[in-house]
Amino acid sequence: MELNLNPNISDPDGFYDELLGAHQGLSKEDSDALNARLILILANHIGDRDVLRAALEAAK
């Protein structure tokens, strides 16, 4: 599976609002922890190490 870097979220603005809402009222520490949990959950969902490696490289 190849890493998809093209827009792929059906409602990106809605998702962004949800993401910001999930962080609302959190301290910086709690917000960072939420981001870490979200990353690990999504990485587990993807599961493919090659895709995850490509995502790490793309994020750099």
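Residues numbered from 1 in each chain as written. Predicted model: local features only at pLDDT ≥ 70, side-chain atom pairs only at ≥ 80, totals over all residues. Heavy atoms only, no water.

Brief notes about the side chain of H23
And then number 1: As for its placement among the helices and strands, H23 is situated in helix α1 (residues 12–23).
And then number 2: Engagement of the side chain of H23 in a polar contact is seen with the side chain of N35, the distance being 3.1 Å.
And then number 3: Leaving out residues up to four positions away in the same chain, H23 has contacts with S31, L34 and N35. (Helix = DSSP H or I, 4+ residues; strand = E, 2+ residues; numbered from the N terminus. Polar contact = N/O pair within 3.5 Å; in protein donor to acceptor, adjacent residues only side chain to side chain. Contact = heavy atoms within 4.5 Å.)

A few points about the layout of surface pockets
And then number 1: Estimated volume of the largest pocket: approximately 500 Å³.
And then number 2: Looking at the lining of the largest pocket, the elements that each hand over two or more residues are α1, α2 (28–46) and α3 (49–59).
And then number 3: With six residues, the single largest contributor to the lining of the largest pocket is α2.
And then number 4: Among the residues making up the lining of the largest pocket, the classes are represented as 14 nonpolar, one polar and no charged.
And then number 5: Of the volumes computed, that of the second largest pocket is approximately 340 Å³.
And then number 6: Residue lining of the second largest pocket: 14 residues in total, with L3, N4, L5, I46 and A55 positioned closest to the centre.
And then number 7: The element contributing the most residues to the lining of the second largest pocket is α3, with four residues. (1 Å grid on protein atoms, 1.4 Å probe; cavity = no way out; pocket = protein on both sides within 12 Å on 5 of 7 lines; lining within 4 Å. Points joined across faces, edges and corners; volume = space filled by probe spheres on them. Nonpolar A, V, L, I, M, F, W, Y, C, P; charged D, E, K, R; others polar.)

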